[in-house]
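The residues making up each chain are set out below.
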Amino acid sequence: MEASAVLKGQPIYRRARAVGINPNYWYPVFWADQLKPEEVVSVKIWDSSLAVYRDADGTVHAMADACPHKGVELHKGEVHGNNLVCPYHGWEFDSDGQCVGIPYFPKEQKLPCAQAKSYPTREAYGIVWVFPGLAELAEQQPLPDVPQYGQPGWFMVRIPGHFQAHFSICNENTMDVFHGFLHKDLQGWYEPKLLKLKQDDDGVAAEYQVSYEGFLSKLLGLGTKGSDSATRTVSIHYRYPHYATSLESVSSLYLMRLPIGPTETKSFSLMFLKLPLPQWLLNGPIARVLEKVILNNIFLKFLHQDVEMMESEQRNYSIDPHRNYVEVNPAIIALQRVIVGQYERSGVSHTSSVDASKESSIQPSQEVSNGMLV
Ligand code: FES
Ligand SMILES: [Fe+2]
């Protein structure tokens, strides 16, 4: 029996740790500039292994990473033109995964009916995306909207993340603005308050008030005259399975999550900043160096602290999945309901169609005081 079925009737937080993904969404799998023409790589989406390759014309394709002949991993093969060739006997597959050539067959010999499952792919925002669900739903499911991408005035920093934790733990970290305490030595943020919260089947939208001072406030140009401290509104919008967050009009973070397996998740994040720096620095050849400097000296420092917490949380969950916990942020509970509800509605779950939104005793509209349940 699968874990989520065992956990039926358990608190929502426990169920959120045990569910799988709704595959009928686009998932990010690779930074586009790291996949060169005629290169093939291995990626995993929720324990399904895929061979993703860029053909000689530059188009990206994805298929199950198992040769239909004997099951050898296709990502160990070669790209020939638009096709992928298995490393073992050289069977050649077109972008639909159909076998179109066997090197040791005479020309006139009929090919066997052998096809690797192929997946819809897209390339957008410098990221390769794969749709692991029902292929006929791919067209109608939009990619996340990233309006700042490629727009002048915004400086983009790509932030890669890799965590040994279930995606629900990673997603809660993003929604959880109350963990400024963790980042106090980095002068993160303080005095958070949850102002607004909305939840529907597809996502959670929350608004928090937070205060900044010191280095971060200076970098983002938040301070008012004579002071480095500023109080601002942070909007966090989880639209299953990804995030869009913004700090008024000063910065935006798009956080695309790739659930690799029950205890492993990657993220492909795009941070957009309005830096108070001259344009020649932001657009010239120095821009990529500046991106690395900001990434290494600011965002990765925050991320490393978060990773330590998320992986610690996962370790204790794995040791004892039945331990009780106390959640006091209604935005986290709303997020857990969406994650569980999406899985149960996806048709992948065998756990019945109980509506997770009705299960918790805490409703999204419940009064909050300083972001805490009252
Ligand atoms: S296993 Fe792939 S060609 Fe034989
Ligand atoms: Fe954090």
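Look above for the structure.
Residues numbered from 1 in each chain as written. Chains lettered and ligands numbered in written order. Predicted model: local features only at pLDDT ≥ 70, side-chain atom pairs only at ≥ 80, totals over all residues. Heavy atoms only, no water.

**With respect to the nonpolar core**
Across soluble globular proteins, you tend to see nonpolar side chains buried next to one another. Our working definition: Put simply, buried Ala, Val, Leu, Ile, Met, Phe, Trp, Tyr and Cys residues joined by side-chain atoms within 4.5 Å make one nonpolar core. Think of it in three bands: with a 1.4 Å probe and only protein chains considered, a residue is buried below 20% of the maximum accessible area for its type, exposed above 50%, and partly exposed in between. The secondary structure listing takes helices from DSSP runs of H or I that are at least 4 residues long and strands from runs of E that are at least 2 residues long, numbered from the N terminus. What fixes the domain bounds is an automatic or database domain assignment. Any two residues whose heavy atoms approach within 4.5 Å are treated as being in contact.
The biggest cluster of nonpolar side chains holds 94 residues, and the ones touching the most others in it are Met175 and Leu270. With eleven residues, the single largest contributor to this core is helix H6 (residues 287-319). Split by domain, this core shows at least three residues from each of two domains, domain 1 (33-137) and domain 2 (155-358). Non-local contacts of methionine 175, meaning those with residues more than four positions away in its chain, are made with Val204, Ala206, Tyr208, Ile236, Tyr238, Tyr243, Asn329, Ala331, Ile332 and Leu335. Tyr53, Leu84, Cys99 and Ala114 belong to the second-largest nonpolar core, a separate cluster that totals 15 residues.

**Some words on the packing of aromatic side chains**
Stated precisely, the cut-off is as follows: What counts as a ring pair is set by centres within 6.5 Å for rings of Phe, Tyr and Trp (its six-membered ring), and what kind of pair is set by the plane angle: stacked under 30 degrees, edge-to-face over 60, tilted for all other angles. In this scheme, Lys NZ or Arg CZ marks a charge over a ring once it lies within 6 Å of the ring centre and within 35 degrees of the ring normal.
The final tally for this structure, using the stated rule, is twelve aromatic pairs. On the basis of an interplanar angle of 50° and a centroid distance of 4.8 Å, the ring pair of tyrosine 238 and tyrosine 243 is categorised as tilted. Each member of the pair tyrosine 238 and tyrosine 243 is classed as buried. In this structure an aromatic cluster arises from ring pairing among Tyr25, Tyr238, Tyr240 and Tyr243. Taking NZ or CZ as reference, lysine 117 lies 4.8 Å from the ring centre of tyrosine 119, over its face. For lysine 184, the ring lying beneath its charged end belongs to phenylalanine 181, and the centroid distance is 3.7 Å.

**Looking at the pattern of salt bridges**
Pairing is possible between side chains of opposite charge, provided their charged atoms come close. Note the cut-off: Salt bridges are defined by distance alone: a side-chain nitrogen of Lys or Arg within 4 Å of a carboxyl oxygen of Asp or Glu.
Applying the stated criterion across every chain, the model contains 13 salt bridges. A salt bridge links lysine 76 to glutamate 73, with the nearest nitrogen and oxygen atoms 2.7 Å apart. The exposed category is assigned to lysine 76, whose relative accessible area is 54%. In this structure, arginine 158 and glutamate 291 form a salt bridge, with 3.1 Å as the shortest nitrogen-oxygen distance. With arginine 158 in strand S12 (residues 155-163) and glutamate 291 in helix H6, this residue pair connects regions lying 133 residues apart in the sequence. Residue classification places glutamate 291 among the buried positions, given a relative accessible area of 5%. Through salt bridges with shared partners, a single network forms among Asp33, Arg158, Arg288 and Glu291.

**Topic: the sheet that holds strand S16 (residues 242-247)**
For clarity, the cut-off: Whether two strands pair comes down to DSSP finding at least two bridges between them. All axes here are fitted lines through C-alpha atoms, helices being fitted over the stretch that makes contact, and every angle between N-to-C directions spans 0 to 180 degrees.
Read from one edge to the other, the open sheet built from seven strands follows the order S12-S18-S17-S16-S15-S14-S13, with strand pairing classed as antiparallel. Lying at the two open borders of the sheet, with one neighbouring strand each, are S12 and strand S13 (190-199). Strand-to-strand twist across the sheet, computed as the mean angle between neighbouring axes with direction ignored, equals 15°. By the bridge criterion, six bridges tie strand S15 (residues 230-239) to S16 in an arrangement that is antiparallel. Residue pairing across strands places serine 235 opposite serine 246, the latter belonging to S16. Across the sheet, helix H3 (residues 167-175) is in contact with S12, strand S14 (203-212), S15, S16, strand S17 (251-261) and strand S18 (264-273); its angle to S17 comes to roughly 165°. Helix-sheet contacts for H6 involve S12 and S18, and the interaxial angle to S12 is about 30°.

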